[in-house]
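Now for the letters of each chain:
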Amino acid sequence: MSRLRAALTPYALIFPGGLWLAIFFVIPMIVMLSLSLQSGSVEDGYAFTFNWHSYADGLANYHDQIIRSLLYGLAATLLQIILGFPVAYWIAFKGGNRKSVYLFLMLLPFLVSFVLRTISWQFLLSDNGILLGPLKDIGLLPDGFRVLATPFAVIAGLAYNFLPFMVLPMYVALERIDPRVLEAAQDLYASRFQTFLRVVLPLSLPGVFAGVLMTFVPATSDYVNASVLGGTNTTMIGNVIQNQYLVTQDYPTASALSFTLMALLLVGIFAYARALGTEDVLEVAAR
Amino acid sequence: MNDPFRQDPALLRGMTQRRLGRRDAFRLAGLSAAGLALAACGVQGKGKARPTSSAQVQSEVEKYWSGKAKNGHVDFANWPLYMDPKKPELKEFTKRTGITVTYKEVIQETAGWYAKIQPQLAAGQSIDYDLMVFTNSVQLTQLIKLGYLVPLDHDRLPNFTKNVGARYTQEAFDPGNVYTVPWASGMTGIAYNPKYIDTPPTSYSALWDPKYKGKVGMMADSQEIANFAMFALGIDPDKSTPADWEKAAAKLTEQRDSGIVRKYYDQSYIDPLAKGDIWICQAWSGDIFQKNLSDGTDLKFVIPQEGATIWTDNFMIPKTAANPVDAITLIDFFYEPAIAGSLAEYINYVTPVPSAKDAILADAAKASGADKKTLQMIADSPLVFPSDDDYAKLRTYVTFANSEDHKKFESIFQPITTS
């Protein structure tokens, strides 16, 4: 009896979460996949016709936005590593017993709604606003200069909005590094730079890997930043999909674009995991 | 058309907030699986032929309304800030008829609201509202086509029949007001910030003027940009053909690619205009009026010489409404001149009841000082009571014959804003 219970326990544990995922993730995915292969309209109804044209048309019409999204996502992710790594490093090694305070401070802005934070950038970066206005007045910037409605604004917004998801995993990886390993490196006459390069950095890679996964994917498919901070020619694929669903009500094209994006991201992630050597990385992470 | 806006900011008359999000700042809503449910796995078409003869309409009306009775309550869905927060009109209604009203400002966006209610209506479920206000749009045309709206019994609308402005009975999207009657209208014209622009623009060509490079705001809505380009080209949007759309799209693409357009905005154009991020843009009449009143700005709104488009927000009763009699009673109540006047005094959009002007003037005669001036100004405003000359310059939106046409239209204009 108790053996049976022991055998069933894992299934009982997975059941609620599994059911949740099945209902809210798997079923919609199947519906969406089916939709992407249908043709018709809201009024005349849809029929399943293996209409692969939605995929071909989607790629033909929106490849610019897809490529742009991948580039923006990549740029934002790099920016986050550059900005986030030193922060994670500092909190992990120099935070002392106030680490949790620093982490909380970093998370504090993120208690405010995502959309609201992005809109506040409009105020901050406005052409004659509190930041650019004075710089223009003293002649450091030309009158026509602007930050809003540029690709830079979109990428910066993306980097800002997903930053904690980059910093936290990196912090966790760095925090776990045994100080004795660093001491050993010094005992073996490694300079501080060498210690960082050959001990700290490799040990932090699992965190970087997790951070990239958690930020690159949402950043690439985001549409809020492009619609709030972007201008002309900064539209991302998320905006296109949202438009196709709500405005044009072309559900098949929207679904096809969603799947195309998903496929591209999956391929990208696998390639990235391969290049970085996931096994090593996971092994280190598990230690 | 500019003078009415020179305002003493002290005269806010409760208008401390502008109507945010009429076409909504972000189209965040609605990307839910709900929209998909309908379309899943080969759904039957729900298209329904519009009744063609008045006899047919009459029989549908009788079929629906026979046996329906007053229940003493109505649930009313509307856009935000589209009524005085103290709801004086609704209080008066309850006092007179005993019908209580639950008023919710839940409609933030045409497409989003449609995506929310469509699956429920398709399934024959209640949407929890007996009455709603919805803009003329592709979505409205679809609601009518799909048979989701109650045919209105005009015998129960005596005030409407008596007081509505003649032009509102022949709207292209619902001639004869079979399913809808107007709540309020507004115009899409050009707004500019006089701090940066000295000579008032009089023509649509101002939005193509290279001297405003990077400082021009256009709307993200395909219909709105298409209308402007067609006006600039001398084409009447309501009579336009796909060939005209191509020409308009070329004009808009040229405007974008030469860097004149800074951005394609939803309703969020107002703040950038006030701050000087953009100097001149497409705008909705009431927005500019309310921004000036609430923030003391001095933005200007013009109807260009070529004309402008007028849109209408309409009352309608969804077919799953639980209290249709109470709803239609409330609709008719808003067509009393005094009530329509009281509403227009607050919202400052075009009222479909011309005689509301007398009601406002009567209020003005009773008021004194600053209030009197404001009321006088509202009564005289061409944006609340357009003259016949103004109306002659106004055009309606393109009304699509079917979803193929709409799809074509979007496929021509959407690439411009989503480049």
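Sequence positions are assigned chain by chain, starting from 1 and proceeding in written order. To label them, take the chains in the order written and letter them from A, then take the ligands in the order written and number them from 1. In view of the model being predicted, local features appear only for residues whose pLDDT reaches at least 70, and side-chain atom pairs are presented and counted only at 80 or more, with totals across whole chains, interfaces and linings using the full set of residues.

To keep it simple, the criterion reads: UniProt positions are given in the numbering used here, feature names are shortened, and annotations may be inferred rather than shown by experiment.
As recorded in an unreviewed UniProt entry, chain B goes by the name ABC transporter substrate-binding protein, listed as coming from Microbispora siamensis. Annotation of chain B in UniProt includes, under Subcellular location (unreviewed entry), the sentence "Periplasm".

If you look chain A up in an unreviewed UniProt entry, it shows as ABC transporter permease from Microbispora siamensis. Per its UniProt entry, chain A bears the Sequence similarities (unreviewed entry) comment "Belongs to the binding-protein-dependent transport system permease family. CysTW subfamily."

1. As for the overall build of chain B
Using the following cut-off: Each helix corresponds to a stretch of at least 4 residues labelled H or I by DSSP, and each strand to a stretch of at least 2 residues labelled E; elements are numbered beginning at the N terminus. Every C-beta atom is placed from the backbone, and the number of other C-beta atoms within 10 Å of a residue's own sets its class: buried at 20 or more, exposed at 12 or fewer, partly exposed in between. Contact between residues is assigned whenever the C-beta positions, reconstructed from backbone atoms, fall within 7 Å.
For chain B, the helix and strand inventory stands at 16 helices and 10 strands. Across the 419 residues that make up chain B, the buried fraction comes to 50%. Across chain B, the fraction of contacts at a sequence separation of at least 24, relative to all contacts at a separation of at least 6, is 81%.

2. Considerations on the packing of helix H7 (residues 222–232) of chain B against helix H8 (residues 242–257) of chain B
All names here are of chain B. In plain terms, the rule: Helix axes use the C-alpha atoms of the stretch in contact, all axes being lines fitted to C-alpha atoms, and the angles between their N-to-C directions lie in the range 0 to 180 degrees. Relative orientations are named as follows: roughly parallel for angles under 35 degrees, roughly antiparallel for angles over 145 degrees, roughly perpendicular for angles from 65 to 115 degrees, and oblique for any other angle. For this classification, Asp, Glu, Lys and Arg are treated as charged, while Ala, Val, Leu, Ile, Met, Phe, Trp, Tyr, Cys and Pro are nonpolar and the rest, including Gly, are polar.
Their axes nearest at 9 Å, the elements H7 and H8 cross at an angle of 95°. As judged from the angle between their axes, H7 and H8 are roughly perpendicular. Counting all contacts with H7, which are made through Ile225, Ala226, Ala229, Met230 and Ala232, the residues of H8 involved are Asp244, Trp245, Ala248, Lys251 and Leu252. Residues of the contact of H7 with H8, tallied by class, amount to eight nonpolar, no polar and two charged.

3. Looking at the pairing of strand S1 (residues 73–77) of chain B
Residues and elements named next belong to chain B. Inclusion rule: Should DSSP find at least two bridges between two strands, the strands are regarded as paired.
Across the five residues that make up S1, a large majority, four, are buried. One ladder, built from five bridges, connects S1 with strand S2 (residues 100–104); its direction is parallel. Paired with His73 across the strands is Thr100, a residue of S2. Here two bridges tie S1 to strand S3 (residues 131–135), and the two strands are oriented parallel to one another. Residue pairing for S3: Ala77 is matched across the bridge by Met132.

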